Each structure stands twice: as structure tokens, then as C-alpha cells.
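# A look at the structure
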Amino acid sequence: MHYYRYESAEVSCCFKYLMFSYNIIFWLAGAAFIAIGFWAWSEKGVLLDLTQVTRMHGLDPVWMVLVVGAITFILGFAGCVGALRENICLLKFFSGLIGFIFFLELTAAVLVVVFQGQVRDWINDFFLNNIKAYRDDIDLQNLIDSLQRLNQCCGAQEPNDWDRNVYFSCNGTHRSREKCGVPFSCCRKDPADTVINTQCGYDVRLKSQDDWMDIYTKGCIPALEDWLPGNMYTVAIVFIVISLLQMVGIYLARTLIAEIEKVKFNFH
């Protein structure tokens, strides 16, 4: 009885290179995300002192970049190498991991709909914890500032949430110049200003709330709740597109696996 290496068998080049093309982008993107993440950590000195990661009380956005990059890189690697080498184990791992990620996304969507109140409270607590850690990390600071500017909001529920941060708090005896203020990203932007005034939020909460004309008074959680109903179609379309891309990946992987197994069976 003669055995043949199934790598030399006639597996459909169409599915093989479609699978490779589908994954090469994710592989390269994953590598880029990982490189950006480690570059950001090196700029902050984290690579020289890894204990900084555990000392931070809020979210380090670099973690998100690294996690997304690692998952994307692993998927892209398994898909590309699995397709080129016609490796059934890698292709099964690829399709299984995508299926698991899709299941997690679906579960998260259902939980958000069913437990809206609890999810709202969790997001509110999460935002407050990151307000507390605002000055701990420059990337977190930039993320919160971007969120407040884009959504024209301040704090989780209101500007007074910035009392949670030791630098902006009105309580205590600290002598921070930012005491009883808010970050500049809470300020209403004057179209005539060409330079950002980073001191515009100083002492603003020393005034009565009726005089808070220069800052946004709506919290970011209510702003998000107001944004969602009008953009539900956009959210749904994004979710559908992502789901379709995942289904295409699973379909290509399973089809390629079936062809490899068929050819392998016929030539043994």
C-alpha cells in the first residue's frame, strides 16, 4: 500500500488562497497592534518597571490594544499557515476560536438587553473608577478627554463626579490648582479659539450650578443613553458586518478542511 503526502494533493486553490487572503490582513493588523502596544508601554516606561501595570487603579488602554492585537495575530497566523500548509489542526483551531468569539459577542448582546439596569450600573461604576485614576496614566487621560469632547459630556452622571479624583476634588486640604475644577475636555469649545485652553475648567465648581455655562453639565452615561436610540441602526449594521465576516471565515475554514480530508482519504 502506498501513501501520499496530502500537501501535494489537488485541494481547491480557490478556497486555499481565499482563506489565505482573508487572514493575511488580520495577521498583519495583529502584529501592528502588538507593536503599537509595546511601543506605548516603552514610552511610558512600563517595560522597565512592569509593576506599574499592577499599581494602576483604572484601565490602561494599552491592555485593550495588546489583547485585540494578540487575538487577531493568533487568528491570522492559524488561518494563513493552516491554509498554506493545509494543516487541519490549525484550521479547526481557527474556526473554533472564531465560533467561540461569536458566541461571546452574542451572549454579551443578550445580557445587555436583558440586564440593562445592571449593565448601566456597571458602566457607571467603571467610569467613576477611571475618573479616580485619571492622572495615573496618560493614555487613560487622553481616552477620557476624547470621550468627553466627542460626546459633549462631563463625568459619569454630572461634573461633580470629578470629586472622585484627588486633583479635582473640592474635599480635603490638598492644594492642587485644579481643586474644584474639571478637565479642559469638559469645557464648551469656543469656535473662535484656535488654541485649546487647558485651564478653562479651573475653579468652575466653586460657582453655583446655574453658572456652569462654560462646561458640559450632562454626564457621559446619560449622553450615551441619548445617543444609542438614534444610532441603533448603525450599531446593528456594525454587528451584522462583523458577524458576517466571522461566518465567512468559518465557512472558508470548514470548506477547506472538508476538501483536505476528502483528498487525504482518496489518496491513502
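Look a little higher up for the structure.
The sections below set out a description of the structure shown in this document. (Residues numbered from 1 in each chain as written. Predicted model: local features only at pLDDT ≥ 70, side-chain atom pairs only at ≥ 80, totals over all residues. Heavy atoms only, no water.)

A few words on the state of the cysteines. The final tally for this structure, using the stated rule, is four disulfides. For Cys-170, the disulfide goes to Cys-180, at an S-S distance of 2.0 Å. Of this pair, Cys-170 sits in the loop between α6 (138–151) and α7 (220–230) while Cys-180 sits in the loop between α6 and α7, and the two are 10 residues apart along the sequence. Look at Cys-170 and you get partly exposed, because its relative accessible area is 25%. On the accessibility criterion, Cys-180 (6% relative accessible area) is buried. Between the sulfur of Cys-187 and that of Cys-200 lies a disulfide, 2.1 Å long from S to S. Between Cys-187 and Cys-200, the disulfide has an S-S torsion of 105 degrees and is therefore right-handed. Placement of the pair is Cys-187 in the loop between α6 and α7 and Cys-200 in the loop between α6 and α7, with a sequence separation of 13 residues. Owing to a relative accessible area of 10%, Cys-187 belongs among the buried residues under this scheme. What makes Cys-200 partly exposed here is its relative accessible area of 26%. (Disulfide = S-S within 2.5 Å. Helix = DSSP H or I, 4+ residues; strand = E, 2+ residues; numbered from the N terminus. Buried < 20%, exposed > 50% of the residue type's maximum accessible area, 1.4 Å probe, protein only.)

For the rest of this paragraph, the subject is the pattern of salt bridges. Tallied over the full model, the rule gives seven salt bridges. Put simply, Glu-225 and Arg-120 hold a salt bridge, and the shortest N to O gap is 2.3 Å. Highlighted residues: Glu-225 in helix α7 and Arg-120 in helix α5 (residues 116–132), separated in sequence by 105 residues. Among the ionic pairs, Arg-205 bridges to Asp-163, the shortest N-O distance being 3.0 Å. One end of the pair, Arg-205, is in the loop between α6 and α7; the other, Asp-163, is in the loop between α6 and α7, and 42 residues separate them in sequence. What makes Arg-205 buried here is its relative accessible area of 7%. Note on Asp-163: relative accessible area 26%, which makes it partly exposed. (Salt bridge = Lys/Arg side-chain N within 4 Å of Asp/Glu carboxyl O.)

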